[in-house]
Amino acid sequence: MTENDLNPSGEFERTPGGAILMDGNRLRDEIVARLNERITALGNPHVCLATVLVGDDKPSQIYVRNKRKKADEAGMVSRHVELSADISQADLEAAVSELANDPGVHGILVQLPLPDGLDAERVLDLLPAEKDVDGLTERSMGRLVRGRDGHVPCTPLGVMRLMERYGVETSGKSAVVIGRSTLVGLPQVLLLGRKGCDATPTLAHSRSGDLAAICRQADIIVAAVGVAGLVTAEFVKPGAAVLDVGISRTAEGIQGDVDFDSVQELAGAITPMPRGTGPMTIGCLMENTFNAARMLGALPSS
Ligand code: NAP
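Residues numbered from 1 in each chain as written. Predicted model: local features only at pLDDT ≥ 70, side-chain atom pairs only at ≥ 80, totals over all residues. Heavy atoms only, no water.

Asks: How should I be thinking about empty space enclosed by the protein in this particular structure?
Replies: Taking a probe equal in size to a water molecule and rolling it over the atoms shows the remaining empty space. If you walk through the whole model with that rule in mind, you get 1 cavity of 30 Å³ or more. Considering the residues around the largest cavity, the lining is formed by Ile 108, Leu 109, Val 110, Leu 124, Leu 127, Asp 132, Asp 134 and Leu 136. If you tally residues by element for the lining of the largest cavity, the top one is strand β4 (residues 107-110), at 3 residues. A breakdown of the residues in the lining of the largest cavity according to their chemical character gives 6 nonpolar, no polar and 2 charged. (1 Å grid on protein atoms, 1.4 Å probe; cavity = no way out; pocket = protein on both sides within 12 Å on 5 of 7 lines; lining within 4 Å. Points joined across faces, edges and corners; volume = space filled by probe spheres on them. Helix = DSSP H or I, 4+ residues; strand = E, 2+ residues; numbered from the N terminus. Nonpolar A, V, L, I, M, F, W, Y, C, P; charged D, E, K, R; others polar.)

Asks: What am I meant to see in the site of the ligand here?
Replies: Taken together, 19 residues are adjacent to the ligand, and Arg 180, Ser 181, Ser 206, Ile 247 and Thr 281 come closest. Arg 180 places a polar side-chain atom, nitrogen or oxygen, 2.7 Å from an oxygen atom of the ligand. Thr 277 places a side-chain nitrogen or oxygen 3.2 Å from a nitrogen atom of the ligand. More than half of the atoms belonging to the ligand lie within 2 Å of the grid points that define the largest pocket. With 3 residues, the top contributor of residues to the shell around the ligand is helix α11 (residues 277-295). (Near = heavy atom within 4 Å. Polar contact = N/O pair within 3.5 Å; in protein donor to acceptor, adjacent residues only side chain to side chain. Sits in = over half its atoms within 2 Å of the grid points.)

Asks: Honestly, the sheet that holds strand β7 (residues 220-223) in this entry has me stumped. Any pointers?
Replies: To summarise the sheet geometry, strands pair through backbone hydrogen bonds and adopt either a parallel or an antiparallel arrangement. Judged by pairing direction, the sheet is parallel, and its 6 strands sit side by side in the order β1-β11-β8-β7-β5-β6 without closing on themselves. A single partner strand is all that each edge strand has here, and the edge strands are β1 (20-21) and β6 (200-204). The pairing of strand β8 (residues 241-244) with strand β11 (residues 269-270) spans 2 bridges and is parallel. Bridge assignment links Ala 241 to a residue of β11, and that residue is Ala 269. (Pairing = 2+ DSSP bridges.)

In C-alpha cells:
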C-alpha cells in the first residue's frame, strides 16, 4: 500500500508549529478495518488470539480489554484466560502450554509484567514462534536478527508503520533510539537499520552522556525511556521526525518522554501522546495475529 492510497488528498493533520501529526489511533483503526476486510473476503475463517492475564493490575486489565476489543473489530475471535496473582509457576505454565498446543489458537499474548514471584522468561519459552504475536521470545528475536520470517515486537513495529504511513524518509537517514530494552529499543534499532529501511541508527541509553547533542544529529528520534518530558527542543534538529514511546504516570496524568509543546515547533513530524505509539502497539498485535494464522496454515499464504 502506498502513502497515496492511505492519504488521497496528500494532506496530513499538522500541529500548531507545522509538524505532521502521526496519528496512531487513526492508523490503528485503518489496520484493523483492513484486516476485517481481508478476513471477510476469505469467508470469515477462524482466527484466534488468546490473551493471558495474571493478577488484577488495573492498567494491564485495560490493555487486555482493548486488545480483545480490537481483535473482535478485526473479525477475529479472542479467548481470554484470567488467572489469580497467587497462581503457581507450574499452573501458569500449564495454562500457557494448553494454549500453545491448541490448534484452534493462533496467537498468544501473555500480558506483562507478571506479578512478583512469577518468571516471565520461562512462560515465554513455552510459546511456539508462530504463536508469539508479541514477538518477545528468544526465537522471535533470533529470527529478527537473522532476517527470517517471524513476529516483530508490536511497539517498535508500530513505530515503523507510523513512519511509513506519514511519509517519513528513512533510507540514508540518521536515527537515535533512546532506550535499549529487548521490548522496544533493541528491536527498534534492528528494524531501522535493516535492509529496506536503511537508516543509520544509534542506540542511546542512560550512560550515553550528552543525549541532547547525540539526538540533535538525528533525522529520526525514537524515545523509549519512561522519563516524562526528557526530550526537549534542544534535542531536536529542525525537521526531524520524533516518535514518543515512553509512558509515565505522573500527578498531571499520563505523559510521554517528549515535551510535545516545545518539540512540535521544530519537528517535521511528531507523535501525539496519547494516541500515538500506544494504539499502534495494538494495531500491530492484530497484524501479527493475522500473520500467525497464515503461518499456521489457517489462512491462505498470500
Ligand atoms: P525499560 O526496560 O525500563 O528501559 C528503559 C531504557 O531507558 C533503558 O535502556 C535505560 O537505560 C534508558 N534510560 C533510562 N533513563 C534514561 C535517561 N535519563 N536517559 C537516557 N536513557 C535512559 O523500559 P521499556 O520496557 O523499554 O519501556 C520504555 C518506555 O516505553 C516506558 O515508559 C514504557 O512504559 C513505555 N512503553 C510504551 C509502549 C507503547 O505501546 N507505547 C510499549 C512498551 C513500553 P539503561 O539501559 O542504561 O538503564
